[in-house]
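Fold and contact review
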Amino acid sequence: MAAFRSPSPGFSVPRPAAFGVDPSGERMARIRRSPHFRDGVFQNPGGTARTRPSGSAAEFAKTYFDKEARLRRSPRGTVPVHATTLADLARPPATGLRLTWMGHSSVLAEIDGQRVLFDPVWGERCSPVPFAGPKRLHPVPLPLAALGPVDVVVISHDHYDHLDMPTIKALAGTDTLFAVPLGVGGHLEHWGVSPDRLRELDWHESTRVGGLTLTATPARHFCGRGLRNTQHTLWASWVVAGPEHRVYHSGDTGYFDGFRDIGAAHGPFDATMIQLGAYAEFWPDIHMTPEEGVRAHLDLQGGRPHGALLPIHWGTFNLAPHPWAEPGEWTKDAAEEVGQAVAFPCPGEPFEPAGELPGQAWWRAVSGPIARPWRLRIVEGVAGTSKGDLDLAGER
């Protein structure tokens with residue numbers, strides 16, 4: 001393992017391998033040439049985003065560590081996990097497109113004969129160490145080896161709940177390719193992935209894998225794995241387009257006007273995978289609420305309900321003060337208000353966006369009651385929906 005230096009001269013301590021490495025050499029030179037890298041850091045679209053909890057530390061601690069609130073942040077029973085098998089996934093999708101949500105932001109997309117694995121996290125904790133940090137609230141639906149061959153692994157950014165060192169090391173022993181944002185390739189090389197299997201992209205750059213075109217698109221977030229957050233690795237959302245189908249994976253992002261531009265350039269999409277969990281008033285710029293997630297989907301689809309929305313980044317890890325099942329309930333409400341089709345699979349349950357979508361509110365069996373502090377109000381009708389058309393009505 002490499003080492004990092006402490007403030008005391010002549011003293012160093014081991015740097016955990018899970019921290020990865022900081023970009024250097026030609027990789028760092030390429031980062032400096034990026035139009036999105038300025039003043040020594042990558043810049044967010046829409047201006048500076050707050051990446052640390054805002055407001056009073058005491059207020060945040062009171063909210064986060066409140067005993068009753070902590071109980072609501074976990075399921076009350078065993079989360080149902082679909083018993084998917086290798087045989088299930090070996091059958092080609094009848095429509096040419098099938099998605100399998102593995103929990104959190106991990107999704108297997110089988111699209112036009114190719115297999116794409118987004119943000120695979122098979123570890124027990126999203127943490128640099130195995131004995132501390134957010135632990136899974138449900139098991140992985142099936143072993144990594146039971147997925148079968150994967151053509152390309154797509155990583156949205158280098159946070160622990162999206163880039164998991166044990167999972168990458170396991171995949172490094174296969175012949176899969178890796179598509180990652182600019183700078184993230186250094187971590188993967190450090191963990192055993194050969195450079196010739198990396199496709200490292202800046203925003204708006206594309207690469208071809210078989211019959212698919214993968215494009216890194218903007219997101220509003222941040223990066224970092226070690227003790228110092230240097231902002232030298234990029235974060236991204238992703239568009240994957242095949243001959244017949246196209247999908248979008250948001251990674252982690254706050255809401256911003258760029259969703260419309262992404263939709264205009266690459267949409268409409270047969271399915272979107274949208275982050276709408278782990279939100280809080282303490283970090284409104286870098287994660288989306290369910291209402292914002294539905295709004296983002298509509299923006300990506302040209303302002304109208306279209307395709308299927310798959311909510312991601314919820315249900316698997318306890319990462320925010322909101323109740324465990326709140327993203328599911330609130331997304332269901334928000335989507336119904338605008339007539340948008342949403343898939344609510346149990347972890348591990350495959351579905352085809354062009355077919356019947358899993359719609360059962362499976363979380364209710366293991367969740368306490370969820371408050372309804374707001375309702376959506378459509379001002380001018382679905383056809384004209386835009387950011388100004390969706391409002392928090394404050395109903396109770």
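Quick notes on the rules
Residues numbered from 1 in each chain as written. Predicted model: local features only at pLDDT ≥ 70, side-chain atom pairs only at ≥ 80, totals over all residues. Heavy atoms only, no water. Core = buried A, V, L, I, M, F, W, Y, C linked by side-chain atoms within 4.5 Å. Buried < 20%, exposed > 50% of the residue type's maximum accessible area, 1.4 Å probe, protein only. Contact = heavy atoms within 4.5 Å. Helix = DSSP H or I, 4+ residues; strand = E, 2+ residues; numbered from the N terminus. Polar contact = N/O pair within 3.5 Å; in protein donor to acceptor, adjacent residues only side chain to side chain. Phe/Tyr/Trp six-rings, centres within 6.5 Å; stacked < 30°, edge-to-face > 60°. Lys NZ or Arg CZ within 6 Å of the ring centre and 35° of its normal. Axes fitted to C-alpha atoms, helices over the stretch in contact; angles between N-to-C directions. Parallel < 35°, antiparallel > 145°, perpendicular 65-115°, else oblique. Left-handed = near helix turned anticlockwise from the far one by under 90°. Nonpolar A, V, L, I, M, F, W, Y, C, P; charged D, E, K, R; others polar.

Regarding the nonpolar core
Residues Leu-99, Val-116, Phe-118, Leu-214, Trp-238, Leu-310 and Trp-362 are the most contacted members of the largest nonpolar core, which totals 70 residues. Each residue touching Trp-362, except ones within four places of it in the same chain, is listed here: Val-79, Pro-80, Trp-101, Trp-314, Trp-324, Phe-344, Pro-345, Cys-346 and Pro-347. Counting residues in each nonpolar core, the second largest holds 30 residues, with Leu-147, Val-150, Val-153 and Val-193 among its members.

Some words on the side chain of Gln-43
Mapped onto the secondary structure, Gln-43 falls in the loop between strand S4 (41–42) and helix H2 (57–65). Of the polar contacts made by the side chain of Gln-43, one reaches the backbone oxygen of Arg-38; its length is 2.8 Å. Here the side chain of Gln-43 touches Val-41 through a polar contact of 3.5 Å, landing on its backbone oxygen. Excluding residues that lie within four positions of it along the chain, Gln-43 makes contacts with His-36, Arg-38, Trp-203 and Trp-235.

Describing the environment of Gly-251
When you line up the elements, Gly-251 lands in the loop between strand S14 (246–249) and helix H7 (258–266). Overall, the relative accessible area of 0% leaves Gly-251 in the buried class. Distance from Gly-251 to Ala-219, taken between C-alpha atoms, is 7.6 Å for residues 32 residues apart in sequence. Non-local contacts of Gly-251, meaning those with residues more than four positions away in its chain, are made with Ser-156, Ala-236 and Gln-275.

Some thoughts on the packing of aromatic side chains
Throughout the structure, instances matching the rule amount to eleven aromatic pairs. Relative to Trp-235, the ring of Phe-42 has its centre 6.3 Å away and its plane inclined at 80°; by these criteria the two rings are edge-to-face. Of this pair, Phe-42 sits in strand S4 while Trp-235 sits in the loop between strand S12 (212–217) and strand S13 (237–241); the two residues are 193 residues apart in sequence, bridging distant segments of the chain. You'll find Phe-42 and Trp-235 in the same group, each marked buried. In this structure an aromatic cluster arises from ring pairing among Trp-101, Trp-314, Trp-324, Phe-344, Trp-362 and Trp-363. One Lys or Arg, Arg-225, reaches over the ring of Tyr-160 and ends 4.0 Å from the middle of that ring. The ring of Tyr-255 carries Arg-295 above its face, with NZ or CZ at 4.8 Å from the centroid.

A closer look at the packing of helix H8 (residues 290–300) against helix H9 (residues 326–338)
Following both chains from N to C, one finds H8 and H9 inclined at 45°, their axes separated by 8 Å at the closest point. In terms of orientation, H8 and H9 fall into the oblique class. Handedness of the H8/H9 crossing: right-handed. Residues Pro-290, Glu-291, Val-294 and Leu-298 of H8 form the contact with H9, whose participating residues are Pro-327, Trp-330, Thr-331, Ala-334, Ala-335 and Val-338. Classifying every residue of the contact of H8 with H9 gives eight nonpolar, one polar and one charged.

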